[in-house]
Structure formats: structure tokens, C-alpha cells
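Here is what each chain is made of, one letter per residue.
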Amino acid sequence: MNIIVTDDYASMSRQAADVIAGCIAETPSCVLGLATGSTPIGLYRSLVERVRAGKLSFRDVTTFNLDEYRGLPATHEQSYRHFMQTHLFDHVDVNADATHVPDGANPSHEQVCAEYEQRISDAGGIDLQLLGLGHNGHIGFNEPDDHFAVNTHLVRLHERTIQANSRLFDHIDEVPREAYTMGVGTIMRAARILVVASGADKAQIVRDAFFGPVTPQVPASVLQLHPYVTVIVDEQAGALC
Ligand code: GLP
């Protein structure tokens, strides 16, 4: 595991965008696993700038997002599909059919989850998976538990996650209580993993996840067992490393 502590959010974002751009340069038809949350917004901006400058193209790239709220249609402002359109897909030359987010509008979790895993496998697996880090160590929406969930599945969100994500909704009651998420196994099957974290409120979980014991109570800790992980954090999130 390679942990890089950068000066600030801008430089974390730039360096993380370098990793993604490097993956696309190496394999233009690569399969990227993408993440939502506030943390990757800067790196998506950096990727958009590179595409606008003609230095990068998503023409042959396929993407799979980690997760989606169950019950929110793609058009909902807080859906992760909407987030991805707004922050990346609408501004780059990616083929719309090549972008995948679990279908939050489909209540049949068996169907959503099985199809999602199948699509990832049909695409040949994920070459580079981007991850943010929840305050409780969740990755995607894999919440602390007594076991690691293997495949894409339906989760009930923890109270702390609902509270953290309520900042984006008008009222906490509007935050969906359930979500579809890639499993820890889905994530661990990616050939390479890139984690980003920023801000003082992530310092403790960065330490617990990457320097503490590997336990499903801190889902991100499992990444210590992956052979090819790059963690890029800003100075504040890296303060306890
Ligand atoms: C959400 C997402 C995660 C994300 C996490 C951290 O719960 N499901 O994929 O990593 O929040 O978000 P932020 O980057 O806003 O702290």
C-alpha cells in the first residue's frame, strides 16, 4: 500500500486525477470504478479540464459506480447517477451507454445486484477502482458489520451515514434508508485501487483503516490485503499517519 500525503485538497485532487489519467493513457479502453461524495469532486474537475484541453479522452472508457440510493430515480438531484452526470459524465466524451450506476429506481434488489455483477464481469472486471472513505470506514456503502459482504447487495444505511449525507438533502427524513452497493469482494477484485480522503475529520479513520487491524468493523481496513492500493490524502486527513 502506497500512502501519499499531499499539501492540500487541490494537490490531492491533481495527483489522484494523474493516476486515473495514467490508467486511461495506458489502456484507453480501461474499466474505471468511480465514487461519489464531496472528496472526489476536485479530481473530477481536474479530469474535465484535461479533456477540455484535449489531453485526455474517455471515448473508449467504461465506468461502474460503487453505489446508489435505493428509491431515488436517476433524475433525482441527490441520486448518485445525477451526481456523476453533473460532475463528470456531462462534461467528458464518455459514451453514455458505457457508464453504469446501480438502478436505484428498481426495487428488485435481486435483479439490480445480479445484473450489476454480471455487467462488471462481462466488461472484463475493473482496472482501477476509486474510493472515498466514510467516517466509520465504509467504502461504497459497505457499512461496519461482522462480516465482509462479497458481491453487490442491498444495505440499510447506518444512522451516522444518514446524518453525514443529510447535509445534501432539505431534511434528514428525505435521505433514503437503503442503498445498492458493490460488495467488498467486488471492490477487492479490482486490479488496482485508489483511495482519496481529505479534511481533519477523516484523520482518525485514515489511521484506523490503514494502520489498524483488518476487521469488517472498519470495512476499508480490508484494503490492506489488496496487492495494489494507492491512498492519496491531504495534510489534514494524513495528520495521524
Ligand atoms: C458516501 C458514499 C461513499 C463516500 C462517502 C464519503 O456515503 N456512499 O462512497 O466515499 O460518502 O463521502 P465524502 O467524500 O463526502 O466524505
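Shown above is the structure to which this text applies.
Definitions and cut-offs
- Throughout this document, residue positions are counted from 1 along each chain, in the order its sequence is written.
- Per-residue local features are limited, in this predicted model, to residues with pLDDT of at least 70; the limit for side-chain atom pairs, both in listing and counting, is 80 or more; totals at the level of whole chains, interfaces and linings are taken over all residues.
- Side-chain metrics in this entry use all non-hydrogen atoms of the structure; hydrogen atoms and water are not considered.
- Nearness is defined per residue: one heavy atom within 4 Å of the molecule or strand is enough.
- Distance and chemistry together define a polar contact, namely a pair of N or O atoms within 3.5 Å, with one atom able to donate a hydrogen and the other to accept it when in protein, and with adjacent residues in sequence counting only for side-chain atoms on both sides.
- Calculation of accessible area relied on Shrake-Rupley with a 1.4 Å probe; when residues are assessed, cover is drawn exclusively from the protein chains displayed.
- Grid spacing is 1 Å over the protein atoms alone, the probe is 1.4 Å, and a cavity is where that probe fits but cannot get out, while a pocket is an open set with protein on both sides within 12 Å along at least five of seven lines and lining residues have an atom within 4 Å of a point.
- Grid points are joined across faces, edges and corners, and a volume is the space filled by probe spheres set on the points.
- Going along the chain from the N terminus, every DSSP run of H or I of four or more residues is numbered as a helix, and every run of E of two or more is numbered as a strand.
- Polarity classes work like this: nonpolar for Ala, Val, Leu, Ile, Met, Phe, Trp, Tyr, Cys and Pro, charged for Asp, Glu, Lys and Arg, and polar for all others, with Gly in that last group.

A. Looking closely at the site of the ligand. Inspection of the region around the ligand gives 14 residues, with S38, T39, D67, H138 and K202 positioned closest. One nitrogen or oxygen atom from the main chain of S38 is found 2.7 Å from an oxygen atom belonging to the ligand. In this structure, an oxygen atom belonging to the ligand sits 2.4 Å away from a side-chain N or O atom of T39. With the chains in place, 94% of the 390 Å² that the ligand exposes on its own is no longer accessible.

B. Local environment of the layout of surface pockets. By volume, the largest pocket amounts to about 700 Å³. Along the walls of the largest pocket sit 35 residues, with T36, G37, S38, N165 and R167 positioned nearest its centre. Where the lining of the largest pocket is concerned, the elements lending two or more residues are β4 (67-69), α3 (80-87) and α5 (159-165). Looking at the lining of the largest pocket, its residues break down into 12 nonpolar, 17 polar and six charged. Put simply, the second largest pocket is a space of about 210 Å³. Forming the boundary of the second largest pocket are 18 residues, of which V101, P102, D103, G104 and R119 lie nearest the centre. Broken down by secondary-structure element, the contributors of at least two residues to the lining of the second largest pocket are β5 (99-100) and α4 (109-122).

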